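Commentary on secondary and tertiary structure
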Amino acid sequence: MTFSELRKALAATLAGVAVLLVVAAVPVAGPERAWAQSASAPRNGAPRNGQDEARITLNFDNADLGQIVEAVQMATHKSIIVDPRVRAQVTMRSSTPVTPQAFWEIFQSILQVHGFIAVPGADGTYKIVPDANQRFYPGNQDLQDNISATSDEVVTQVIPVKNVSAVQLVTVLRPLVPTTGQINAYSPANMIIISDHASNVNRIMKIIARIDQVGDADVEVIPLQNASATEMVRELTSLNQGQAQQDPGVQPLRLVADDRSNSILLSGEPGSRLRAKVLIAHLDTPQQNGGDTQVRYLRYADSDKLAAKLKEQLSGVAAAASGAGAAATPTAQESKSSQIWSDPTNNALVITAPPKVMKQINAIVDKLDIRHAQVLVEAIIVDVDLTKSSELGVNWATWGETSSGTVIPGATFLTPVGGATLVDLASAIASPTTINSALESGTTVALGRVAQTGISFAAMLRALRSDTDTNVIATPSALTMDHQEATLKAVEEVPFVTGQYTNTGTSGGSVSPFQTIQNEEVGTILKVTPQINEGDAIVLKIDIESSSVLPSASTAVNPTTSKREISTDVLIEDGGIIVIGGLISNQYNHSDTRVPGLGSIPFLGELFKDHSASQSKSNLMVFIRPQIMHDGTEMSIETNSKYNFIREEQRAVSRGTRGEIPLLPGVKSPVLPAVPPPPPPGSTPTAPITEQERERAAERAQREVDAAARRADAASATPSAAPPAPAASSAPLGQPQ
């Protein structure tokens, strides 16, 4: 075949695609020389040595894949069979010449990009098929130990796994294999079978080599010097339980306590063991407070009451942990071995307990020994009573007397008017020392005729009017702590006869009468128990009693009293005013006492009847105003207002008692001194109200206790300084200055 015929065949085959063969060692003068060297290459496509190997510059522009296959056949001298489903348009360019073997690798990359593969066949042939069927075809490099890192040939490799689970490893590696590739695990032999392009298989093998490492699960023994090994293992195990579940292929951290040597046995990954050892080193430190006994000074709570409650707590915990007839658990033994006693002089608790119980007790004390808010409760009791009564009546009597002194009865009308009758008037005239006290009130007009013989008569006109106005305003106030009852009494002791007895002797005996008298409190009594809720709402349990002696019916030892009492529970906002109760009554009474028939005669009938009328109005209201005292500043403001009020009242009384002539020269009426200045804002802690404030107060108290313990430990290591001299005390409050 001549060169011109060969050129025409190539032009018809490549359809305008240029293939330029260049000899690397010797420049090529023309296309004839280039083809001669290309044609002289070996048929099996094996590369020549160095300078004799031909190089190819590639330049395909939107060429059909079949045309590129023919060019590859001519350059590499390989026999290629193309599947009818293989169709693609390819653009491929290279700026530098490449060897035929490199051209073959580039061709395989082109096939991979378009979803095809070159599968080796019989007698050195290759089949171009879609890569979806690659698992069904063998490859030249199947089951070889060394896989090219850059080749895109499809290969199958079996990879043994020695230290980790092949099934778990396949789950991790499957996302790294394309959908056309395959990766599976053979559990009995713990092997992985992968079929994919050689470059990806090589990458997967490197990943497996790094993962398939022997785990370091050595056991370490850590002796403890200060802490308890059992307690330490319990705390670290609780900490690890809250963490996420580790992968089954990773050695978990395990801790075992050896009580005999007070040591902890550690096993697991080196990183986990290192973190556990750091925690153990931080926790295995000597206690700063010196042993299992602490002295806890209380600031607000009462040590006696709190010690009793804590003892009940420990007893209850021990009983619940041990149970009836059951073996004693460690919790029960720790609770039983704990002791708490109170020192009232210093208001302190002396606690002896294991560290766990000590921590629980301190946590309880921190929440209970906090500053409580105080509540100022002011009550206003207003009692207005109006009573009016009026009586008008006539008494008369007629009688006769003979010369011998015999009294002849006549007619009488003796209805009491204002508690007195005509008989009382006659007795008062006859014996002025025995006058009826009822005659001392009202107006009494009497006339009559008393003769020795004949008819005598007497008549009395009696009229009286009574008006009673009572206006009582009582403003009791009481300051008390949250959940504490306060009682205020402004009363008088009034005697009441509860019994009497007379012993008369039968012969020559004497009379020994006696009475039993009991004093009762009459006045204003206020009992209140506040309960501060979340925020500024206050629940008040209130008992208010207001009583007084009625002047109209009072006697020396058996008076009549008026009593009003309210017992209730109310909810009110801080600083608000509410009415908790009241009574409004209006009563009118009118009565006529007359002689039947005669009393109905107009005008004349007034001589035969008696009139009485009464009206009473009662108005009672009780108001309550609570106010929360959060800190010392609010307390000082409220105290100063009351202090200045009573001080001005004293000054007003002092000015009113001064006369023109001093009766006691040089003597002044006592007056309270000026009120001292209030504490600056923020100098006193604020009483916690809400749950969050109580938690923060407990944490702050715990920090202060820890700081005091550290200062005490530091002071015990240095000589103690001399105590400072006591400061001069100021004058007591109320002393004239």
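Before any of the text, the structure's been laid out above.
The structure reproduced in this document is the subject of the present report. Because the structure is predicted, anything quoted here is derived from the model rather than measured. (Residues numbered from 1 in each chain as written. Predicted model: local features only at pLDDT ≥ 70, side-chain atom pairs only at ≥ 80, totals over all residues. Heavy atoms only, no water.)

**Comments concerning the packing of aromatic side chains**
The geometry of an aromatic ring pair is captured by two quantities: the separation of the ring centres and the angle between the planes. To be explicit about the condition: By convention, a stacked pair of Phe, Tyr or Trp rings (six-membered ring in the case of Trp) has centres within 6.5 Å and planes under 30 degrees apart, an edge-to-face pair has planes over 60 apart, and any other such pair is tilted. Here a helix means four or more residues in a row that DSSP labels H or I, a strand means two or more in a row labelled E, and each is numbered from the N terminus. Here's how the labels work: a residue is buried when its accessible area is under 20% of the maximum for its type, exposed when over 50%, partly exposed in between, all with a 1.4 Å probe on protein chains only. Look at NZ for Lys and CZ for Arg. If either is within 6 Å of the ring centre and within 35 degrees of the ring normal, a charge sits over the ring.
Taken as a whole and judged by the stated rule, the model has two aromatic pairs. Ring geometry for Trp 104 versus Phe 107: centroids 5.8 Å apart, planes at 35 degrees, classification tilted. Of this pair, Trp 104 and Phe 107 both sit in helix H4 (residues 100–113), three residues apart, roughly one helical turn. By relative accessible area, which is 1% here, Trp 104 ends up buried. Three or more aromatic residues link up through ring pairs in this structure, and these residues are Trp 104, Phe 107 and Tyr 126. The ring of Trp 104 carries the charged tip of Lys 78 above its face, separated from the ring centre by 5.0 Å.

**What about the pattern of salt bridges?**
For clarity, the threshold we go by: Only one rule defines a salt bridge in this text: a Lys or Arg side-chain nitrogen within 4 Å of an Asp or Glu carboxyl oxygen.
The tally for this structure, following the rule as stated, stands at 17 salt bridges. For Arg 273, the salt bridge identified is with Glu 220, shortest N-O distance 2.9 Å. Of this pair, Arg 273 sits in helix H8 (residues 270–283) while Glu 220 sits in strand S11 (residues 219–223), and the two are 53 residues apart along the sequence. Since its relative accessible area comes to 6%, Arg 273 is described here as buried. The partly exposed category is assigned to Glu 220, whose relative accessible area is 23%. The salt bridge partner of Arg 564 is Asp 383, with a shortest N-O separation of 3.0 Å. Of the two residues, Arg 564 sits in strand S25 (residues 561–573) while Asp 383 sits in strand S17 (residues 374–401), which places them 181 residues apart along the sequence. Since its relative accessible area comes to 15%, Arg 564 is described here as buried. Overlapping salt bridges bring together Glu 378, Arg 625, Glu 638 and Lys 642 as one network.

**Quick word on unusual backbone geometry**
A positive phi angle is found at Asn 190, which is not glycine, with a value near 55 degrees. Along the chain, the position of Asn 190 falls in the loop between strand S9 (182–186) and strand S10 (191–197). We note that Asn 347 has phi near 50 degrees; this positive angle belongs to a residue other than glycine. When you line up the elements, Asn 347 lands in the loop between strand S15 (339–343) and strand S16 (348–352).

**Some words on the side chain of Asp 83**
For clarity, the threshold we go by: Polar contact is the term for a pair of N or O atoms within 3.5 Å; when the atoms are in protein, one must be able to donate a hydrogen and the other to accept it, and sequence-neighboring residues count only if both atoms are side-chain atoms.
Within the secondary structure, Asp 83 sits in the loop between strand S4 (79–82) and strand S5 (89–93). Classification of Asp 83 as buried rests on a relative accessible area of 17%. A polar side-chain atom of Asp 83 sits 2.8 Å from the main-chain amide nitrogen of Arg 85.

**Regarding helix H7 (residues 229–241)**
We count it as follows: How far a helix is expected to stretch is found by multiplying one less than its residue total by 1.5 Å. Picture the helix axis, draw a direction to every C-beta atom, and the arc is the one those directions span. In what follows, a contact means two residues having at least one pair of non-hydrogen atoms within 4.5 Å.
In this model H7 runs 18 Å from its N-terminal to its C-terminal C-alpha over 13 residues, within 8% of the 18 Å that 1.5 Å per residue would give. Along H7, the positions that sit buried rather than exposed are Ala 229, Met 232, Val 233 and Leu 236. Projected down its long axis, H7 shows its buried positions confined to an angular sector of 95 degrees, all on one face. Looking at the buried residues of H7, the elements they touch are strand S12 (254–258), strand S13 (263–267) and H8.

**A few points about the sheet that holds S15**
Sheet strands associate in pairs through backbone hydrogen bonding, adopting either a parallel or an antiparallel arrangement. Threshold: A pair of strands is labelled paired if DSSP reports no fewer than 2 bridges between them. Here the axes come from fitting lines to C-alpha atoms, over the contacting stretch only for helices, and the angles between their N-to-C directions go from 0 to 180 degrees.
The strand order across the open sheet formed by three strands is S14-S16-S15, and the pairing between neighbours is antiparallel. Edge positions in the sheet fall to strand S14 (293–297) and S15, since each of these pairs with one other strand and no more. On average, adjacent strands in this sheet sit at an angle of 20 degrees to one another, irrespective of strand direction. Bridging between S15 and S16 involves five bridges; their strand directions are antiparallel. For Trp 341, the partnering residue across the bridge sits in S16 and is Val 350. Of the strands in this sheet, S14, S15 and S16 are in contact with helix H11 (residues 355–368), which crosses S14 at around 0 degrees.

**Side note on the sheet that holds S25**
Strand order in the open sheet formed by four strands is S22-S23-S24-S25, and the pairing between neighbours is antiparallel. The strands lining the two open edges of the sheet, one partner per strand, are strand S22 (486–501) and S25. The average angle at which neighbouring strand axes cross in this sheet is 20 degrees, direction not considered.

**Considerations on the side chain of Asp 385**
Here Asp 385 shows up in strand S17. Polar contacts involving the side chain of Asp 385 include one to the side chain of Arg 564, which spans 3.2 Å. Side chain to side chain, Asp 385 and Ser 618 meet in a polar contact 3.0 Å long. Sequence-distant contacts of Asp 385, that is, excluding residues within four places in its chain, are made with Thr 468, Asp 469, Thr 470, Arg 564, Lys 617, Ser 618 and Asn 619.

**Quick notes on a nonpolar patch on the surface**
Note the following rule: Candidates for patches are residues over 30% relative accessible area with no salt bridge; among them, like charges are joined within 9 Å and nonpolar side chains (Val, Leu, Ile, Met, Phe, Trp, Tyr) within 5 Å. Throughout, the Shrake-Rupley method with a 1.4 Å probe supplies accessible areas, and for residues the shown protein chains are the sole cover considered.
The grouping of Val 219, Val 221, Val 256 and Leu 265 at the surface amounts to a nonpolar patch, some 330 Å² of accessible area in total. Here Val 219 shows up in strand S11.

**Focus: the environment of Phe 496**
Relative to the helices and strands, Phe 496 is located in strand S22. C-alpha of Phe 496 to C-alpha of Thr 516: the two residues are 20 residues apart in sequence and 8.5 Å apart in space.

**Focus: H4**
For an α-helix, 3.6 residues make a turn, and residues three or four places apart therefore share a direction. Along its 14 residues, H4 runs 20 Å from first to last C-alpha, staying within 8% of the 20 Å computed at 1.5 Å per residue. Every buried residue belonging to H4 is among Pro 100, Phe 103, Trp 104, Phe 107, Gln 108, Ile 110 and Leu 111, and all of these are buried. The arc enclosing the buried residues of H4, seen along the axis, measures out at 155 degrees, which places them on a common side. Positive phi shows up at Gly 115, right after H4, with a value of about 80 degrees.

**A closer look at the nonpolar core**
What counts here: To form a nonpolar core, buried Ala, Val, Leu, Ile, Met, Phe, Trp, Tyr and Cys residues must be joined to one another through side-chain atoms within 4.5 Å.
Membership of the largest hydrophobic core comes to 25 residues, with the highest contact counts inside it found for Phe 60, Leu 65, Ile 68, Met 92, Phe 103, Phe 107 and Ile 128. Of all elements in the fold, only strand S3 (59–64), helix H3 (65–76), S5, H4, strand S6 (116–120) and strand S7 (125–130) reach the threshold of two or more residues within this core. In terms of residue count, H3 provides more of this core than any other element does, six residues in total. If sequence neighbours within four positions are ignored, Ile 128 has contacts with Ile 80, Ile 81, Val 82, Asp 83, Val 86, Phe 107, Leu 111, Phe 116, Ile 117 and Ala 118.

**Regarding empty space enclosed by the protein**
Counted only if it meets this: Method remark: on a 1 Å grid restricted to protein atoms, a set of points is classed as a cavity if a 1.4 Å probe fits but cannot get out and as a pocket if it is open with protein on both sides within 12 Å along at least five of seven lines; lining residues have an atom within 4 Å of a point. Grid points are joined across faces, edges and corners, and a volume is the space filled by probe spheres set on the points.
One pass over the structure, following the stated rule, counts four cavities of 30 Å³ or more. Lining the second largest cavity, in full, are Gln 108, Leu 111, Gln 112, Phe 116, Ile 117, Ala 118, Asp 152, Glu 153, Val 154 and His 197. Of all the secondary structure elements, the ones that give two or more residues to the lining of the second largest cavity are H4 and S6.

**Section: the environment of Glu 401**
By secondary structure assignment, the location of Glu 401 is in strand S17. Residue class for Glu 401 comes out partly exposed when judged on its relative accessible area of 23%. Residues Glu 401 and Gln 452 lie 51 residues apart in sequence; the distance between their C-alpha atoms is 6.7 Å. Residue contacts for Glu 401: discarding those within four places in its chain leaves Thr 406, Val 407, Ile 408, Ala 451, Gln 452, Thr 453 and Gly 454.

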